[in-house]
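Analysis of the macromolecular model
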Amino acid sequence: MDISPEIRSHYAGYYDGASEWRRLGALGKADNIVRVCAGLGPVDTVLEIGCGDGAVLARLEELGFGGALEGVDISPSGIDALRVRGLKRLRAAEVFDGSRLPHADGSVDLAVLSHVVEHLEHPRQLLREAARVARRVVVEVPLEDTWRHPLDYRPSPVGHINFYSRANLRRLVQTCGLTVLRERVSNPPLALYRHQFRRLGAAAWAAKQALLAALGARATRVTCYHYTVLCEKAG
């Protein structure tokens, strides 16, 4: 299943230049990976599929999570940015075709797709590939399918073409031969809100935290949170 020229073109130079927004977002993404994997024993190899500029891998290295780190992405600018970081535990960084991973079956302890699946034209293809190469898979998406979400698709600069709730993300991974072991609903980091919304950031973050505390997972039907699932092959 080939990636459309439009999608490939959109991400070709997407990661040119540093991004404070991506750096701050990676703090929460990496924290969620560590949390859902807590207590599972050593993770010798972490493969991030759709690694972008490597912000999440860099944060995982700072946290001491995992052994060897690897990243693949369709974007040459992302892989160039990852290599420039000079991560000490980075074993491989490669441009790939977006559907077939250059890894042997079961060769990776943990595959990570963090804020990737919402961008994919063929999400099941890549999720099945992740399940093929890895013992466990972490998937994180923004839960944008709320009651306030518009009926019709509207293009956006961030490139989201799929929109998820907790239920349909779980069903998606389950139709790819994966079982959900753990889940986590979270708010993006306070620092990201302050960066994005300036003076209103702290109040916006606190309001979403309060809603999550009051309603639990039901809050995801009201406004967008991040949803992280740890999966393994069914059976």
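Before any of the text, the structure's been laid out above.
Summarised in this report is the structure supplied together with it. These numbers were taken from a predicted model, which means no experiment stands behind them. Along every chain, residues carry numbers that run from 1 in the direction the sequence is written. The predicted origin of the model limits local features to residues at a pLDDT of at least 70 and limits the giving and counting of side-chain atom pairs to 80 or more, whereas totals for whole chains, interfaces and linings rest on all residues. Each side-chain value is worked out from all heavy atoms of the structure, with water and hydrogens disregarded.

**Notes on the side chain of Thr223**
- Within the secondary structure, Thr223 is located in the loop between α8 (201-215) and β7 (226-233).
- Polar contacts involving the side chain of Thr223 include one to the side chain of Arg148, which spans 2.9 Å.
- What makes two residues a contact is simply this: any of their non-hydrogen atoms within 4.5 Å. Setting aside anything within four residues of it in sequence, one finds Thr223 in contact with Leu143, Thr146, Arg148, Lys208 and Leu211. Strands are runs of DSSP state E lasting at least 2 residues, helices are runs of H or I lasting at least 4, and numbering of each runs from the N terminus. For this analysis, a polar contact is any N or O atom pair within 3.5 Å, provided that within protein one partner can donate a hydrogen and the other can accept it, and provided that sequence-adjacent residues contribute only side-chain to side-chain pairs.

**Overview of the packing of helix α7 (residues 190-197) against α8**
- Axis definition: a line fitted to C-alpha atoms, over the contacting stretch in the case of helices. Angles run 0 to 180 degrees between N-to-C directions. Look at α7 against α8: their axes get within 7 Å of each other, and the N-to-C directions meet at 135°. For the element pair α7 / α8, the angle class is oblique. In terms of crossing hand, the pair formed by α7 and α8 is right-handed. Every residue of α8 that contacts α7 at Leu190, Tyr193, Arg194 and Phe197 is listed here: Gly201, Ala202, Ala204, Trp205 and Lys208.
- Note on residue categories: nonpolar means Ala, Val, Leu, Ile, Met, Phe, Trp, Tyr, Cys or Pro, charged means Asp, Glu, Lys or Arg, and polar means any other residue, Gly included. Broken down by class, the residue content of the contact of α7 with α8 amounts to 6 nonpolar, 1 polar and 2 charged. Roughly parallel means an angle under 35 degrees; roughly antiparallel, over 145; roughly perpendicular, 65 to 115; everything else is oblique. By the definition used in this description, the sense in which the near helix is turned from the far one sets the handedness, with an anticlockwise turn below a right angle giving left-handed and a clockwise turn giving right-handed.

**Digging into unusual backbone geometry**
- Even without being a glycine, His115 presents a positive backbone phi close to 55°.
- Turning to its location among the elements, His115 is positioned in the loop between β4 (108-114) and α5 (123-133).
- In this scheme, a residue with accessible area under 20% of its type's maximum is buried, one over 50% is exposed, and one in between is partly exposed, where area comes from a 1.4 Å probe on protein chains only. By relative accessible area, which is 13% here, His115 ends up buried.
- One non-glycine residue, Arg198, lies in the positive phi region at around 55°.

**Quick word on the environment of His226**
- Position of His226 among the secondary structure elements: in strand β7.
- What His226 contacts, discounting residues up to four positions off in sequence, is His115, Glu140, Val141, Pro142, Arg184, Val185, Ser186 and Pro188.

**Quick word on the nonpolar core**
- For our purposes a nonpolar core is just a set of buried Ala, Val, Leu, Ile, Met, Phe, Trp, Tyr and Cys residues, chained together by side-chain atoms within 4.5 Å. Of all hydrophobic cores here, the largest spans 35 residues; its most connected members are Ile49, Leu113, Val139 and Leu169.
- For this core, the secondary-structure elements that each account for two or more residues are α1 (5-12), β1 (45-49), β4, α5, β5 (134-142), α6 (166-174), β6 (178-186) and β7.
- Among the elements that take part in this core, α5 stands out by supplying 5 residues, more than any other.
- With residues near it in sequence (within four places) discarded, Leu113 still touches Ile49, Leu126, Leu127, Ala130, Val137, Val138, Val139 and Glu140.
- One finds Cys37, Ala93, Leu110 and Leu230 within the second-largest nonpolar core, a separate group that totals 23 residues.

**Considerations on the pattern of salt bridges**
- By definition, a salt bridge exists where a carboxyl oxygen of Asp or Glu is found within 4 Å of a side-chain nitrogen of Lys or Arg. This model, assessed by the stated rule, comprises 13 salt bridges.
- With its nearest N and O atoms 2.5 Å apart, the salt bridge here joins Asp97 to Arg100.
- With a closest N to O distance of 2.9 Å, Arg166 and Glu183 form a salt bridge. Placement of Arg166 in helix α6 and of Glu183 in strand β6 is noted, with a sequence separation of 17 residues between them.
- The class for Arg166 is partly exposed, based on a relative accessible area of 25%.
- With a relative accessible area of 36%, Glu183 lands in the partly exposed category.
- Connected via shared salt-bridge partners are Arg22, Asp53 and Arg85.

**Description of the sheet that holds strand β2 (residues 68-73)**
- Any two strands are treated as partners once DSSP identifies two or more bridges connecting them. With mixed pairing, 7 strands are arranged side by side in an open sheet as β3-β2-β1-β4-β5-β7-β6. The sheet is open, and its two edges are formed by β3 (90-95) and β6, each paired on a single side. For this sheet, the mean angle separating the axes of adjacent strands, direction not counted, is 15°.
- The pairing of β1 with β2 spans 5 bridges and is parallel. Residue Leu47 lies in a different strand from β2, and its bridge partner there is Glu70.
- Helix-sheet contacts for helix α2 (residues 20-36) involve β4, β5, β6 and β7, and the interaxial angle to β6 is about 130°.

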